[in-house]
Each structure stands twice: as C-alpha cells, then as structure tokens.
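One letter stands for each residue in the lines below.
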Amino acid sequence: MSDAAVLTEGLGRRYGTGNVAVDALVDVHLELDPGQFVVLLGPSGSGKTTLLNLVGAIDTPTAGVIEVDGVRLDGLEGEERTRFRREHVGFVFQFFNLIPTLTALENVQLIAEMTGHDGEGLSRKALEAVGMADRIDHFPAALSGGEQQRVAMARAVAKRPRILLADEPTGALDLETGRRVLNVIHQLNRERGMTVLLVTHNAVIADMADRVIRLRDGRVIDDLANSSPLGAERLEW
C-alpha cells in the first residue's frame, strides 16, 4: 500500500477486441501526492476522461495496477467498487445532473445521507462551503449555470471525500462564472487538503494547478510541476 493519493503502474484500458480494438490508455505510470491540485490536459480522445473514470472506479482497467487513497482498485468488483466511490471520491461533471424537482439542499442531501450521518447538516455545510448558503431552498430552474455547478460541487463534497474528480467543470460556463467555480474548487483543495484531479481541454486552467499532466493518444507525454500556481481570478480565456 502506497502513501500516494493515486498510484498507477502500467495502467491500460482497451475497448473492443481484434481489429476493432481501441487503446484508450496505454502504459500509464503516475504517482500523485495527497492534497495536490492536478490538471489533466489533452485533446478530445487523448484518454483524459478514461483515466478519470478509472481513478473514480467508474470503469475498470484492462492492464496494470491502480491504487487510489490506499485502495487497490484493479481487483475490486461489484459492491466493493460502489462502496469505494461512496466513501472515497466526489465527482463533478460538465453537466450538473441536478434533479429538477428537488431544491439545492435536497439535491445535496440525497448524496450526503449515504454517509449514514447527519445528511442535512453535512449538506448545509457543503452548500455554505461553495457559497450557496442563501440559495438552499431554490430549485435548479431558479439558479444560474454557475450556481447549479456549485450545488453539484456541494453534492460531491458533502460526503467529505479525500479526492475530488472534475471532468470539464467549466465547459458549459462563461469566463466569469467559470472563474468562480474554479475558485471554489481551489479553496476546497487548499483549505480541506482535498486532492483534486481536473480534466480539461482548456490549457489556461493548467496555470492554477500544482501539477500538469498532458496526454495524447492514451499516453502521458508530459508531467510537469508548477512552482507558481495562479489564482482563478487571474485566468483569461
């Protein structure tokens, strides 16, 4: 067992067989430290989302080893994988996936209650952490895109995961709204020590990361530390 937040050795993911087989990831070796803000960069089809899905136990590898938050994932099956997702990671996607008939609080509480503790209390604290304490009784239709994304983030962090996985979280947002959302993610990373793995095709966002990993055709082609990360408010795209 490693102390790394994420450890992969020879990680691969192949879809299909024979002449139609596609290698979405090939021989990926990574070691991410706890509390790092990591950005995965690359064009469409480079393997970014596949890697994120493997880290989050949404998908299973076809080669290699993957360990996340001290748990070996390549051997997990069924209920064990579900338990890992519930207890260790939070997910934020480009599309908010909020339930339209539930308020902001109820959307978050739906996930928070899976912890088995004070679901409403955790939900209120999570919404407060993302700056949505005054909008908890609003339905998604009454919220802006940025506000809906912040509710989605509150839902992801209400169960207090150690790792936050974000797939194009600003892809559907304008510049100012995107900055606000990135600022919230950055605060969660810095104030809670939460490891963040963020997928984007927007190279500008890499300027706020501690570490930038570039993928192309399923392979890691660059892995660089950033000694002077910028605040989200300084990003321009």
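Residues numbered from 1 in each chain as written. Predicted model: local features only at pLDDT ≥ 70, side-chain atom pairs only at ≥ 80, totals over all residues. Heavy atoms only, no water.

Novice: Explanation requested: the overall build of the protein in the structure shown.
Specialist: Per the secondary structure count, the protein includes six helices and ten strands. Its C-alpha atoms give the protein a radius of gyration of 17 Å, within 12% of the compact-globule value 18 Å for 237 residues. When the backbone C-alpha atoms are referred to their principal axes, the protein occupies close to 50 × 40 × 35 Å. Looking at the protein as a whole, 54% of its 237 residues are labelled buried. In the protein, of all internal contacts separated by at least 6 residues, the share reaching a separation of at least 24 is 68%. (Helix = DSSP H or I, 4+ residues; strand = E, 2+ residues; numbered from the N terminus. Rg over C-alpha atoms; globule rule 2.2 N^0.38 Å. Buried < 20%, exposed > 50% of the residue type's maximum accessible area, 1.4 Å probe, protein only. Contact = heavy atoms within 4.5 Å.)

Novice: In this structure, what is going on with the packing of helix α3 (residues 104-112) against helix α5 (residues 145-157)? I would like to understand it.
Specialist: For any two helices packed against each other, the geometry is given by the interaxial angle and the distance between the axes. In contact at an axis separation of 8 Å, α3 and α5 are set at 25 degrees when each is read in the N-to-C sense. Considering the angle they form, α3 stands roughly parallel to α5. When you trace α3 past α5, the crossing you get is right-handed. Listed contacts from α5 to Ala104, Asn107, Val108 and Ile111 of α3 are Val151, Ala154 and Arg155. Taken together, the residues of the contact of α3 with α5 sort by class into five nonpolar, one polar and one charged. (Axes fitted to C-alpha atoms, helices over the stretch in contact; angles between N-to-C directions. Parallel < 35°, antiparallel > 145°, perpendicular 65-115°, else oblique. Left-handed = near helix turned anticlockwise from the far one by under 90°. Nonpolar A, V, L, I, M, F, W, Y, C, P; charged D, E, K, R; others polar.)

Novice: What exactly am I supposed to notice about the pairing of strand β4 (residues 63-68) here?
Specialist: In summary, the side chains of a regular strand alternate between the two faces of the sheet. Relative to β4, strand β1 (residues 6-15) runs antiparallel, the two sharing five bridges. Bridge pairing in β4 links Val6 to Val68. Note that β4 and strand β5 (residues 71-72) share two bridges and pair antiparallel. Considered in β5, the bridge of Val68 is made with Val71. Between β4 and β5, which pair antiparallel and follow one another directly, the connecting turn spans two residues, one of which, Asp69, has a positive phi of 55 degrees. (Pairing = 2+ DSSP bridges.)

Novice: Is there a simple way to think about the sheet that holds strand β7 (residues 163-167) in this case?
Specialist: Hydrogen bonds between backbone groups are what pair the strands of a sheet, and the pairing can be parallel or antiparallel. Spatially, the six strands line up as an open sheet ordered β6-β7-β8-β3-β9-β10, and their pairing is mixed. Of all strands in the sheet, those with a lone pairing partner are β6 (89-93) and β10 (219-225), marking the two edges. Looking at each pair of strands side by side, their axes are set apart by 15 degrees on average, direction ignored. Packing against the sheet, α5 makes contact with β6 and β7, and its axis sits at approximately 165 degrees to β6.

Novice: Whenever I open this one, the packing of aromatic side chains confuses me. Can you help?
Specialist: Ring pairs (aromatic) are described by centroid distance and by the angle formed between their planes. Inspection of every chain in the model, using the stated rule, returns one aromatic pair. Consider the rings of Phe91 and Phe93, whose centres lie 6.0 Å apart with planes at 5 degrees: the pair is stacked. (Phe/Tyr/Trp six-rings, centres within 6.5 Å; stacked < 30°, edge-to-face > 60°.)

Novice: Got a minute to help me understand the layout of surface pockets in this structure?
Specialist: A water-sized probe rolled over the atoms picks out the places where empty space is left. If you add up the space inside the largest pocket, you get close to 330 Å³. Lining the largest pocket are 15 residues, with Phe91, Ile111, Met114, Arg155 and Lys159 sitting closest to its centre. Among the elements of the structure, α2 (78-88), β6, α3 and α5 are those that each provide at least two residues to the lining of the largest pocket. For the lining of the largest pocket, the residue count by class is seven nonpolar, four polar and four charged. Its volume calculated, the second largest pocket comes out at about 160 Å³. (1 Å grid on protein atoms, 1.4 Å probe; cavity = no way out; pocket = protein on both sides within 12 Å on 5 of 7 lines; lining within 4 Å. Points joined across faces, edges and corners; volume = space filled by probe spheres on them.)

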